Structure formats: structure tokens, C-alpha cells
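So the chains spell out like this:
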Amino acid sequence: MTKLKVSQLNKLKDPGSRGFTLDLVEGGQEAFVVKKNDKLYAYLNSCPHTGAPLDWVPHQFLNLEGNLIQCAVHGALFEIDTGLCVYGPCVNRRLEPLKLEIKNGKLACTTRHSE
Ligand code: FES
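The structure displayed is predicted, hence computed values, not measured ones.

A.B. asks: With reference to specific residues and values, describe the sheet that holds strand β4 (residues 68–70).
C.D. replies: The strand order β4-β5-β6 describes an open sheet built from three strands, whose pairing is antiparallel. Because the sheet does not close on itself, it has two edges, and the strands there are β4 and β6 (85–87). For this sheet, the mean angle separating the axes of adjacent strands, direction not counted, is 40°. Relative to strand β5 (residues 77–79), β4 runs antiparallel, the two sharing three bridges. Bridging across to β5, I69 finds its partner in F78.

Below, the structure is given as C-alpha cells:
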């Protein structure tokens, strides 16, 4: 995956999703962003079931209806706005949310731990 730019976010479909690499002090970590109803949500790309990446096709994190995040490994479904698993082997567990901010045209994305 690649770094995420504001221009890529602006081009994202609604609903739509995109994977990217999050730069952390301890190294890069795979993550993804979802746009839904003109709002952005970002999570680490690690399923709470096994820790595997959720996408089987790059940048494809949503189900066919575009209303839930889907893990391609065993089919878990997550709410876009909360990251809560509502179907599958990890029901009631959550994706790790990221804080995504655009300030002065630049993108800043952090984990809760790095704040
Ligand atoms: S690894 Fe995601 S549902 Fe099993």
C-alpha cells in the first residue's frame, strides 16, 4: 500500500474505501479509510478475529451494498462509523480506530496510542 494524500481522499467514492500505510515511530502499519455520507473513518487493517488484513482486493474494504466494512477472510461485518463487529466470528469486538485530520491541506493520521 501507499501513503495517503488529501487529493486521494477527495477522489474517494462515497461510499468508498482505500488502504494506506500509516507511518508510526515504530514503523509502518497498514490501515484503511472509508468515506460514507461525506464523512471519513479510518481503522488499522487488522481484523479483531485473527489480526489478518481485511481486504482480499487492494482498497476493497466494503461489502457489496457499501454499508458495512467486510473482512474477506471469514466474512466478519463491521459498522463503518464505530468499527463494531455485527456479524461473524468476532461479534462485539471492534476494529482499532484511527484519528484522521486534515489541517491546512495536510493529512494527519494517528493511533490513539500515539497521541
Ligand atoms: S480474520 Fe477477519 S473474520 Fe476471520
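A.B. asks: Describe in detail the nonpolar core, supporting the description with residues and values.
C.D. replies: Ranked by internal contacts, the top residues of the largest apolar core, which has 16 residues, are F32, L54, I69, F78 and L95. If you list the elements that add at least two residues to this core, you get β2 (27–36) and β3 (39–44). Ignoring any residue separated from it by four or fewer positions in sequence, one finds L95 in contact with F32, Y43, S46, P48, L54, I69, F78 and G83. If you look at the next biggest cluster of nonpolar residues, it comprises 12 residues, including L9, L22, L44 and C109.

A.B. asks: Can you explain the side chain of D55? Please cite residues and give values.
C.D. replies: Mapped onto the fold, D55 is located in the loop between β3 and β4. Despite its burial, D55 pairs with no opposite charge; the closest candidate is R18, at 11 Å N-O. Among the polar contacts listed, one links the side chain of D55 to the side chain of N45, at a separation of 3.0 Å.

A.B. asks: Any details on the sheet that holds β2? Residues and values, ideally.
C.D. replies: The antiparallel open sheet is built from five strands, whose spatial order is β1-β2-β3-β7-β8. Pairing within the sheet leaves two strands with one partner each, and these edge strands are β1 (16–24) and β8 (106–111). Within this sheet the neighbouring strands show an average axis-to-axis angle of 30°, counted without direction. Note: β2 against β3, six bridges, orientation antiparallel. By the bridge assignment, F32 is partnered in β3 with Y43.

A.B. asks: Give a description of the layout of surface pockets that names residues and reports values.
C.D. replies: Taken as a whole, the largest pocket holds about 200 Å³ of empty space. In this structure, the largest pocket is lined by 13 residues; those nearest its centre are L12, K13, P15, G16 and S17. Those elements giving two or more residues to the lining of the largest pocket turn out to be α1 (6–11) and β1. Per element, the largest residue contribution to the lining of the largest pocket is three residues, and it comes from β1. Residues of the lining of the largest pocket, tallied by class, amount to three nonpolar, seven polar and three charged.

Cut-off values and rules
- Residues numbered from 1 in each chain as written.
- Predicted model: local features only at pLDDT ≥ 70, side-chain atom pairs only at ≥ 80, totals over all residues.
- Heavy atoms only, no water.
- Pairing = 2+ DSSP bridges.
- Helix = DSSP H or I, 4+ residues; strand = E, 2+ residues; numbered from the N terminus.
- Axes fitted to C-alpha atoms, helices over the stretch in contact; angles between N-to-C directions.
- Core = buried A, V, L, I, M, F, W, Y, C linked by side-chain atoms within 4.5 Å.
- Buried < 20%, exposed > 50% of the residue type's maximum accessible area, 1.4 Å probe, protein only.
- Contact = heavy atoms within 4.5 Å.
- Lys, Arg positive; Asp, Glu negative; His and termini not counted.
- Salt bridge = Lys/Arg side-chain N within 4 Å of Asp/Glu carboxyl O.
- Polar contact = N/O pair within 3.5 Å; in protein donor to acceptor, adjacent residues only side chain to side chain.
- 1 Å grid on protein atoms, 1.4 Å probe; cavity = no way out; pocket = protein on both sides within 12 Å on 5 of 7 lines; lining within 4 Å.
- Points joined across faces, edges and corners; volume = space filled by probe spheres on them.
- Nonpolar A, V, L, I, M, F, W, Y, C, P; charged D, E, K, R; others polar.

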